[in-house]
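# Observations on the three-dimensional arrangement
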Amino acid sequence: MKRFLSLKDFDLNHKHESEEARRRWRAAVTIVRNRSRRFRFIPDLDKRKETENKTLKIQEQIRIALYVHKAALYFIDAARSVEYNLSDEIRKENFGIHPEELASIVRVHDIKRLRNKGGVEGIARKVSVSLDEGVLSTSLATRQKIYGLNRFTEKPPKSFWMFVWEALQDITLIILMFCAALSIGVGIATEGWPKGMYDGLGIILTIFLVVMVAAISDYRQSLQFRDLDKEKKMIIVQVTRDGSRKKIPIYDLVVGDVVHLAIGDQVPADGVFISGYSLLIDESSLTGEVDPVSINEEHPFLSSGAKVRDGLGKMLVTAVGMRTEWGKLMETLSEDGQDETPLQVKLNGVATLIGKIGLTVGVLTFVVLTGRFLVEKALRNEFTDWSSSDALILVDYFATAVTIIVVAVPEGLPLAVTLSLAFAMKKLMNDKALVRHLSACETMGSATCICTDKTGTLTTNHMVVDRIWICDTIQEISGTGKSNYTLEISERVLSTLLQAIFQNTSGEVVKDKDGKSSVVGTPTESALLEFGLLLGGDHDAQQRQLKILKVEPFNSDRKKMSVLVALPESGARAFCKGAPEMVVRMCDNIVDYKGEPTVLTEKLIEKTMKIIDDFASAALRTLCLAYKNVDSNGSAHSIPDSGYTLIAVVGIKDPVRPGVKEAVRTCLAAGITVRMVTGDNINTAKAIAKECGILTHNDNAIEGPEFRSKSPDEMKEIIPKIQVMARSLPSDKLALVTHLKNMFAEVVAVTGDGTNDAPALHRSDIGLAMGISGTEVAKENADVIIMDDNFSTIVNLAKWGRAVYINIQKFVQFQLTVNVVALVIDFVSACITGSAPLTAVQLLWVNMIMDTLGALALATEPPNDELMKRPPVAKGASFITKAMWRNIIGQSIYQLIVLLLLDFDGKRLLGLTGSDATEVLDTVIFNSFVFCQVFNEINSRDIEKINVFKGMFDSWIFLVVIISTVVFQAIIVEFLGNFATTVPLSWQLWLLSVAIGSVSLVVGIILKCIPVESTPKPSHHDGYEPLPGGPDAA
């Protein structure tokens, strides 16, 4: 059986799959009832290629506009008018520049016109904004009216009726509608009105019900995906408004906004450079050029969609939305869909295989029924005598055969994956995990390893300075409870310390309307600035006192930030802060208690490093602050790399998040290894890792430089033991992820927040970007965004990933059982008795139970804690497991024995007599069959365990589906007999039908006691190890 179901064309990697493989499985899907519905969420590869070509053309046009001579530019942009006349509306609102003219200055990088307008200051005056105060909130509506909204043109969403139309594209339903129309015509001619129309009208009404249920389900899914898409496109931008710095959604950005940019940010609109340092922009997404562009006064233009590679700066927004080239590019890309997931592809293969079998059975059923009919006519010498009733019988046979194909081709299998993923993604979004790629939710169920950052993920990211070593003394800061704190140091040392804090920072101290100060910046910067304020420092005064000449922003490669400032009298001073191992080796001196530089001897270096180790061992993040005076021509010099004077060692406390230790314990119980990868000191990393329960032995921690020096053979030996990697670079994280995947076939989830984490996020099986501390570059390369930066959210994601996989297994088991029973009973009955006990209308109802309703019931069940007490789903494990086959075959045999026994000897067994005995028996068979599926649906809630009722009442969707199915079944049997070919049943026969169905639960218990694995240590049905036996086994 396994060889029979080895569908090689339908094997797909969850990430970075080739276009050839994607085309191969699409071509292999040969049996499809409704291609437009089946492939709604699957991207059209030809359209995608066309979109890529359009994108390349737009990028080429942008390149031409940026780098070709202005004369050529004007030739290309012939529609652009040189003169722009201001409308009365623009003048009335006190704006001095036309929206199109303003947009064109940045679009074509027209530096001459920018200078003619007075540079960035002149543009600011023309858009009525102060570069210091920013836009006034009272002018937002006016600016949006004149200069436009920062939104892109998107394809309008499908209406509900479009989903109804798509559901009607099912070729088998179209054939059935034709058969129904023919049946009505022939029936009325034969049996008169209204009796002659019941059969055909019953089919039409059932088709209508099937279509509406499918359309409602699909429409709800589309709404869920639309909400998720909005969240994915949401970017938070830092701007200056009303004189203070604040965060706003990218959609609220207006022309005139002053935007703050830092490493990893996406440029949110077209704009002009105001000020900044070492600002390097990556415009490859816009122009296709890979070389970064330096932004400064000589080259001040920033284009929407570009990424900040390095540095920091401020820009004035000049164009938003569709007036930017990025807007036009996004309009082109808006129709692209998400890549299919491996489970979707696998179930398309299963559906195709079963569809072939079902098509064969359907054709054979029609041939057998028609053959018997023709033989019987020939035996009665009526072969040449044909009437309209004969035609009606053949139409019924054909409709039954087509309906068998409807039931046999399980369209719901691949669609159930989409339904389950959409449901899981919606729930995860509420739980602070934004899934950007569908396959990530699925793959997380197989994760065997999580490589996690420390800061902000395992810790709270709410940092405070806990202690400081300065002037050869350690001073505790935490727990003072004072609004001001006095260090026991001289005024001169304090002045130097405050300069180092307030001058060398990427953060900012802002004041609200009430004059209350607050700090904006990274947690580390905020901790230092708050410490400076606690010491009585004045950030604004410090900023005004000294002029910044040059800045080297912090990044994960440099591990330090440096700044060069001009001193008031003469000369300049460089400040440096960063990782101790980087800063200490740059220092030749250390500040004494008088504030004078003293030679940093070997003995003092040893003492300094011991202090750093002591701080780190107390789980404190350590930073060193240093300065260096340079000569009067310092402004012409680069920032020095040596000769500094060490000011202080700062210990910053970042407590472990509540619940992290329990979350790590959950991962370990679930067979998921947790590895901490951090840039911090190894002693800090060890202390935090021990507190979290990650580090079990000190030998399992390693530093990045040591890791990099290992040979491949040594790597193979040490990597399985690594629990902590400290002082690591992003390249170390990438190497670790690559080796885990290639050497050990691990399914690796990795967290990242910085721009340099992008390669590791991209290379991993599941890239997890931090929503709060993460840069836009990191988020763009991630599969999931952890909105609260919390490790517990990652564990919840793994739980949902496993739930999706198991829910689909439950649904597949349920649907295949229905498929087998429906096909066999109709085919065997047709061969032996010449009639099918289940009519077209009844089969359509059964199809809806097992397809859309079954998917809703089983594919949307929430996860339970038991899922995290088993190892991950094995890589390459068979999706339809031996335990599933056992359940499918066992339940099918029971149902077939009972139903065929009723079909062939039911009248005698039930004591049915009278003219309506056949109709009553067929109704009992239909009713019993449906109740077998109802109870088997309950049975399918757990493939291995006996207690299938556990947690059932927590799943309201499951309960609604089961109750709705039973209620509507009663309505069909008791009140819709004319359309469904049923008759009302006595209470005894109702009780019998329910009893026959409920025995499925007993059969399920018996089946689950039968061992199916042949290995000494049996695996669980889904690749997990079985749970221990005993009372909990039920």
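This is a predicted model, so every value here is computed, not measured.

## Comments concerning the overall build of the protein
For the protein, the count of helices and strands is 37 helices and 26 strands. When the backbone C-alpha atoms are referred to their principal axes, the protein occupies close to 120 × 75 × 50 Å. Of all 1034 residues assigned to the protein, the portion counted as buried reaches 56%. Here the contacts in the protein between residues at least 6 apart in sequence split such that 73% fall between residues at least 24 apart. Side chains of the protein carry 112 positive and 121 negative charges; the gap between the two charge centres is 1 Å.

## Quick notes on the confidence of the model for the protein
In the predicted model, the protein carries a mean pLDDT of 84, and the fraction of residues at 70 or more is 92%. In this model, residues 69–81 is a region of pLDDT below 50 whose contacts with residues beyond four sequence positions or in other chains number 11 contacts. Segment residues 1014–1034: pLDDT under 50, and 44 contacts once partners within four positions in sequence are set aside and those in other chains are kept.

## Thoughts on the sheet that holds strand E26 (residues 784–786)
Spatially, the eight strands line up as an open sheet ordered E8-E26-E25-E24-E9-E21-E23-E22, and their pairing is mixed. Looking along the sheet, the strands with just one partner apiece sit at the ends: strand E8 (433–435) and strand E22 (701–703). For this sheet, the mean inter-axis angle between neighbouring strands, taken without regard to orientation, is 20°. Summarising the sheet, strand E9 (residues 449–452) and strand E21 (residues 673–677) pair through four bridges and their orientation is parallel. Note on E21: the bridge partner recorded for Cys 449 is Thr 673.

## A closer look at the side chain of Asn 927
For Asn 927, the location among the structural elements is in helix H34 (residues 917–939). If sequence neighbours within four positions are ignored, Asn 927 has contacts with Gln 969, Val 973, Leu 985, Trp 990 and Ser 993.

## Things to note about the side chain of Thr 622
Structurally, Thr 622 can be placed in strand E19 (residues 620–630). Apart from the residues within four sequence positions on either side, Thr 622 is in contact with Gly 578, Pro 580, Ile 612, Phe 615, Ala 616, Val 650, Asn 681 and Arg 727.

## Here's the deal with the packing of aromatic side chains
Inspection of the entire model under this criterion finds 10 aromatic pairs. Plain terms: the ring middles of Phe 95 and Tyr 147 are 5.2 Å apart, the flat faces sit at 75° to each other, and that makes the pair edge-to-face. With Phe 95 in the loop between helix H5 (88–92) and helix H6 (99–107) and Tyr 147 in helix H9 (residues 140–147), this residue pair connects regions lying 52 residues apart in the sequence. For the residue pair Phe 95 and Tyr 147, the accessibility class agrees, reading buried in each case. Ring centres 6.1 Å apart and planes at 85° place the aromatic pair Phe 931 and Trp 990 in the edge-to-face group. On the criterion of sequence distance, the pair formed by Phe 931 in helix H34 and Trp 990 in helix H37 (residues 987–1008) is long-range, its members being 59 residues apart.

## Some words on the packing of helix H32 (residues 840–858) against H34
Here H32 crosses H34 at 10°, and the two axes come no closer than 11 Å. The orientation of H32 with respect to H34, classified from their angle, is roughly parallel. Along its contact with H32, which presents Gln 842, Trp 845, Val 846, Ile 849, Leu 853, Gly 854, Ala 857 and Leu 858, the element H34 presents Phe 926, Phe 929, Val 930 and Glu 937. Counted by class, the contact of H32 with H34 contains nine nonpolar, two polar and one charged residues.

## Comments concerning the nonpolar core
In this structure, Phe 791 and Ile 808 are the most contacted members of the largest nonpolar core, which totals 160 residues. With 18 residues, helix H31 (residues 791–833) is the single largest residue contributor to this core. Aside from chain neighbours lying at most four places away, what touches Ile 808 is Leu 343, Leu 347, Ala 416, Val 417, Ser 420, Ala 859 and Phe 879. Of all hydrophobic cores here, the second largest spans 46 residues; its members include Phe 95, Ile 235, Val 293 and Met 315.

## Observations concerning H31
With 43 residues, H31 extends 63 Å from end C-alpha to end C-alpha; this agrees with the ideal 63 Å at 1.5 Å per step. The element H31 is extensively covered by neighbouring structure, given that 35 of its 43 residues are classed as buried. Backbone nitrogen of Ser 792 and a side-chain oxygen of the N-cap are separated by 3.1 Å at the start of H31; the cap is Asn 790.

## Focus: the pattern of salt bridges
Throughout the structure, instances matching the rule amount to 36 salt bridges. In this structure, Asp 614 and Lys 610 form a salt bridge, with 3.2 Å as the shortest nitrogen-oxygen distance. Of this pair, Asp 614 and Lys 610 both sit in helix H23 (residues 602–617), four residues apart, which is roughly one turn of that helix. Three or more residues joined by partner-sharing salt bridges are found here, namely Asp 453, Lys 733 and Asp 757.

## Brief notes about the environment of Pro 342
You can see Pro 342 is positioned in helix H15 (residues 342–379). Given the relative accessible area of 14%, Pro 342 is considered buried. Separated by 330 residues in the primary sequence, Pro 342 and Leu 12 place their C-alpha atoms 5.2 Å from one another.

## Some words on unusual backbone geometry
Of all residues except glycine, most have a negative phi; of all peptide bonds, most are trans. Even without being glycine, Cys 471 reaches a positive phi, approximately 55°. Relative to the assigned elements, Cys 471 resides in the loop between strand E10 (464–470) and strand E11 (473–476). The exposure class assigned to Cys 471 is buried, which follows from its relative accessible area of 13%. Positive phi, normally seen in glycine, also occurs at Arg 727, with a value near 45°.

## A word on the packing of H31 against helix H33 (residues 882–910)
Helix-helix packing: each pair is described by the crossing angle between the helix axes and the interaxial distance. Two elements in contact, H31 and H33, have axes separated by 9 Å at closest approach and are oriented at 30°. When the axis of H31 is compared with that of H33, the two are roughly parallel. Taken as a pair, H31 and H33 cross one another with a handedness that is right-handed. In the contact of H31 with H33, the residues fall into 14 nonpolar, nine polar and one charged.

## Quick notes on the pairing of E9
Of the two faces of E9, the one holding Cys 449 and Cys 451 and the one holding Ile 450 and Thr 452 are both buried throughout. Pairing of E9 with strand E24 (residues 748–752) involves three bridges; the strand directions are parallel. By the bridge assignment for E24, Cys 449 is matched with Val 748.

## Quick look at the state of the cysteines
Taken as a whole, this structure holds zero disulfides when the rule is applied. Note on Cys 449: no disulfide assigned, nearest cysteine sulfur contributed by Cys 451 at a separation of 3.9 Å.

## As for a nonpolar patch on the surface
Together, Ile 963, Val 967, Ile 971 and Phe 975 line one region of the surface with nonpolar side chains, adding up to about 410 Å² of accessible area. Of note, Phe 975 is situated in helix H35 (residues 956–975). Phe 975 gets classed as exposed once you look at its relative accessible area, which sits at 66%.

## So, the environment of Glu 100
Position of Glu 100 relative to the elements: it lies in helix H6. Each C-alpha atom of the pair Glu 100 and Ala 319 lies 8.5 Å from the other, and the pair is 219 residues apart in sequence. The residues touching Glu 100, leaving out its near neighbours within four places in the chain, are Tyr 84 and Arg 323.

## Quick look at the environment of Val 660
In this fold, Val 660 is placed in helix H24 (residues 660–669). Among all residues touching Val 660, those that are not within four sequence positions of it are Thr 457, Leu 458, Cys 692, Asn 790, Phe 791 and Ser 792.

## A word on the UniProt feature "transmembrane region" (unreviewed entry) in the protein
As annotated by UniProt and renumbered to match this structure, "transmembrane region" (unreviewed entry) occupies residues 171–190, 196–216, 353–375, 395–424, 956–977 and 989–1010. Measuring from the first to the last C-alpha atom of residues 395–424 gives 44 Å, for a span that is 90% helix and 0% strand. Across residues 956–977, helical content stands at 95% and strand content at 0%; the span's end C-alpha atoms are separated by 30 Å.

What counts and what doesn't
- Residue numbers here run from 1 along each chain, matching the order of that chain's written sequence.
- Residue-level local features of this predicted model are given only where pLDDT is at least 70; pairs of side-chain atoms are given and counted only at 80 or more, and the full residue set underlies all totals for whole chains, interfaces and linings.
- Each side-chain value is derived from all of the structure's non-hydrogen atoms; neither hydrogens nor water enter the calculation.
- Helix and strand labels come from DSSP, where a helix needs a run of H or I of at least four residues and a strand needs a run of E of at least two; each type is numbered from the N terminus.
- Working definition: with a 1.4 Å probe on protein chains only, accessible area under 20% of the residue-type maximum means buried, over 50% means exposed, and in between means partly exposed.
- Note on contacts: a residue pair qualifies if any of its non-hydrogen atoms lie within 4.5 Å across the two residues.
- The positive count covers Lys and Arg only, the negative count covers Asp and Glu only, and His and the chain ends enter neither.
- Where a charge sits is defined by one atom per residue type, namely NZ (Lys), CZ (Arg), CG (Asp) or CD (Glu).
- Residue-level confidence of the predictor is summarised by pLDDT, bounded by 0 at the bottom and 100 at the top.
- Note on pairing: DSSP must find at least two bridges between two strands before they are called paired.
- Only C-alpha atoms enter the line fits that serve as axes; for helices the fit covers just the stretch in contact. Angles between N-to-C directions range over 0 to 180 degrees.
- For Phe, Tyr and Trp, rings pair up if their centres lie within 6.5 Å, where Trp contributes its six-membered ring, and each pair is then called stacked (planes under 30 degrees apart), edge-to-face (over 60) or tilted (otherwise).
- Should an angle fall under 35 degrees it is called roughly parallel, over 145 degrees roughly antiparallel, and 65 to 115 degrees roughly perpendicular, with every other angle called oblique.
- Under the scheme applied here, ten amino acids are nonpolar (Ala, Val, Leu, Ile, Met, Phe, Trp, Tyr, Cys and Pro), four are charged (Asp, Glu, Lys and Arg), and all others, including Gly, are polar.
- We define a nonpolar core as any set of buried Ala, Val, Leu, Ile, Met, Phe, Trp, Tyr and Cys residues linked to one another through side-chain atoms lying within 4.5 Å.
- A helix is expected to span 1.5 Å multiplied by its residue count minus one.
- What qualifies as a polar contact is a pair of N or O atoms within 3.5 Å, subject to a donor-acceptor requirement within protein and to the restriction that residues adjacent in sequence count only when both atoms come from side chains.
- We define a salt bridge as a contact between a side-chain nitrogen of Lys or Arg and a carboxyl oxygen of Asp or Glu at a distance within 4 Å.
- Take the far helix as your reference; a near helix turned counterclockwise from it by less than a right angle gives a left-handed crossing, and one turned clockwise gives a right-handed crossing.
- Cysteine sulfurs are considered disulfide-paired once they come within 2.5 Å of each other.
- Patch criteria: residues need more than 30% relative accessible area and no salt bridge. Like-charged residues are merged within 9 Å; nonpolar side chains of Val, Leu, Ile, Met, Phe, Trp and Tyr are merged within 5 Å.
- The Shrake-Rupley method, run with a 1.4 Å probe sphere, supplies the accessible areas, and residue values consider only the shown protein chains as cover.
- UniProt positions are given in the numbering used here, feature names are shortened, and annotations may be inferred rather than shown by experiment.

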